[in-house]
Amino acid sequence: TFVAVDCNGFAGLGIAADVEFCRNIVKPLNPINKEILPEPARVDGHFSTYAPNFTEIMVSFSMDPFVITGVEDVKWWINGVTMDMSETVSPTGAPPEGYNTPFANAFQFKPLWKGFYIEDIEVTLPEKFSANEEPITIGVHDLVIDDMGVSCSVSAEDVLGLEKGNAGGWGFSIQSFELVVLMNNISKAEFSGKVHVPILRSISNTSGSMQEADCLDYLANIQP
């Protein structure tokens, strides 16, 4: 902790601290293979607070990747959480592309901006929700909650496998998905993958079964 004093008196207060969570609440993950770490490992969190005066404050928080005890098949990773109630300092990072107000834009937060900001949230779902052997990971990026509403971008990979998708009898997959929300309104929605047209078949396919090599790539998007 520290206190800053200048010729006018009190000039700021800073606090940095670590928090260790009990394993009956959350358990830590190996950040490389996302496996649960055994005892005595704990989830560590770090927070810092800075107040340039007694009426303004900014709090930042980060923590190790984790699972919630009792729901170990859903894996979480949260990075860069900031609550800014100050008019002189702002969080690092920036709102999603397209966000533009007098207090922030897609490149930075300006000192007068106030609100709640999370740089990244990633949630890995259980294998039973997966389209193939790879688990589905949903990402929420640059989440902003302020007086203008909620803004963020949401992404997901390998959402729907080719053998599970059905569009009027044609097989299709969703390999990637992206959604951008700006100030409580959908700014863009986009997804891509492969679609199987029954009359098309690669020369190498002699079995007649549906294969990715027989499919066409597609990209669908909504831009209001």
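Scroll up to find the structure.
Residues numbered from 1 in each chain as written. Predicted model: local features only at pLDDT ≥ 70, side-chain atom pairs only at ≥ 80, totals over all residues. Heavy atoms only, no water.

J.: Now, about the sheet that holds strand β8 (residues 100-101): what can you tell me, with residues and values included?
T.: Judged by pairing direction, the sheet is antiparallel, and its three strands sit side by side in the order β8-β9-β10 without closing on themselves. At either end of the open sheet lies a strand with only one pairing partner, and these are β8 and β10 (108-109). In this sheet, β10 lies alongside strand β9 (residues 104-105) in antiparallel orientation, the contact comprising two bridges. Each bridged residue has a counterpart across the sheet, and for Asn105 the counterpart in β10 is Gln108. (Pairing = 2+ DSSP bridges. Helix = DSSP H or I, 4+ residues; strand = E, 2+ residues; numbered from the N terminus.)

J.: Break down the pairing of strand β11 (residues 115-124) for me, with residues and values.
T.: Most of β11 sits out of view: seven of its ten residues are buried. Judged from the nine bridges that link them, strand β7 (residues 71-84) and β11 form a sheet pairing that is antiparallel. Pairing of Asn79 across the sheet is with Asp120, part of β11. As paired strands, β11 and strand β12 (residues 137-146) are joined by eight bridges and run antiparallel to one another. Bridge pairing links Glu122 to Gly139 in β12. (Buried < 20%, exposed > 50% of the residue type's maximum accessible area, 1.4 Å probe, protein only.)

J.: Can you explain the nonpolar core? Please cite residues and give values.
T.: Soluble globular proteins tend to bury their nonpolar side chains together. Formed by Val74, Val81, Ile118, Ile121, Val123, Leu143, Cys152, Val154, Leu179, Val181 and Ala189, the largest nonpolar core amounts to eleven residues. Every element with two or more residues in this core is listed here: β7, β11, β13 (149-160) and β16 (174-182). The greatest single-element share of this core, amounting to three residues, is contributed by β11. The residues contacting Val123, other than those within four sequence positions of it, are Val74, Lys75, Trp76, Ile136, Thr137 and Ile138. Residues Tyr99, Val144, Val180 and Leu182 belong to the second largest nonpolar core, which totals eight residues. (Core = buried A, V, L, I, M, F, W, Y, C linked by side-chain atoms within 4.5 Å. Contact = heavy atoms within 4.5 Å.)

J.: Would you mind going over the environment of Val195 in detail, with residue names and values included?
T.: Looking at the secondary structure, you find Val195 in strand β17 (residues 185-195). A residue is classified by how much of its surface remains accessible, and Val195, at 19% relative accessible area, is buried. Spatially, the C-alpha atoms of Val195 and Ser173 are 6.5 Å apart, while their sequence positions differ by 22 residues. Ignoring anything within four residues of it in the chain, the contact list for Val195 reads Trp170, Gly171, Phe172, Cys215, Leu216 and Tyr218.

J.: Report on the pairing of β17, specifying residues and quantitative values.
T.: Examined bridge by bridge, β16 and β17 share seven bridges and lie antiparallel to one another. The residue bridging Leu182 from the neighbouring strand is Asn185, located in β17. Between the end of β16 and the start of β17, which pair antiparallel, lie two residues, with Met183 showing a positive phi angle near 55 degrees. Pairing of β17 with strand β18 (residues 216-222), which is carried by seven bridges, proceeds in the antiparallel orientation. From the neighbouring strand, Val195 faces β18, where its bridge partner is Leu216.

J.: Which residues make up the packing of aromatic side chains, and what values go with them?
T.: Counting across every chain of the model gives five aromatic pairs. Geometrically, the ring pair formed by Phe66 and Trp76 is stacked, given 6.4 Å between the ring centres and 10 degrees between the ring planes. Taken together, the residues span a long stretch of sequence, with Phe66 in strand β6 (residues 66-68) and Trp76 in strand β7 at a distance of ten residues. Considering the side-chain rings of Phe191 and Tyr218, the 6.0 Å spacing of their centres and the 75 degrees angle between planes classify their relative orientation as edge-to-face. Placement of Phe191 in strand β17 and of Tyr218 in strand β18 is noted, with a sequence separation of 27 residues between them. Following the ring pairs from residue to residue traces out a cluster consisting of Phe109, Trp113 and Tyr117. (Phe/Tyr/Trp six-rings, centres within 6.5 Å; stacked < 30°, edge-to-face > 60°.)

J.: Give me the side chain of Lys194: which residues, what numbers.
T.: Residue position: Lys194 is located in strand β17. Taking relative accessible area as the criterion, Lys194 reaches 16% and is therefore assigned buried. Residues contacting Lys194, with those up to four places away along its chain left out, are Leu162, Gly171, Phe172, Ser173, Gln175, Glu212, Cys215, Leu216, Asp217 and Tyr218.

J.: Give a detailed account of unusual backbone geometry, specifying residues and quantitative values.
T.: A cis amide bond links Glu39 with the next residue in sequence, Pro40, at an omega value of 5 degrees. On the secondary structure map, Pro40 appears in the loop between β3 (26-28) and β4 (43-51). Residue Asp158 is not a glycine yet carries a positive backbone phi of 50 degrees. We classify Asp158 as partly exposed; its relative accessible area is 26%. Despite not being glycine, Asn184 has its phi angle at roughly 70 degrees, a positive value.

Keep in mind these values describe shape, not function.
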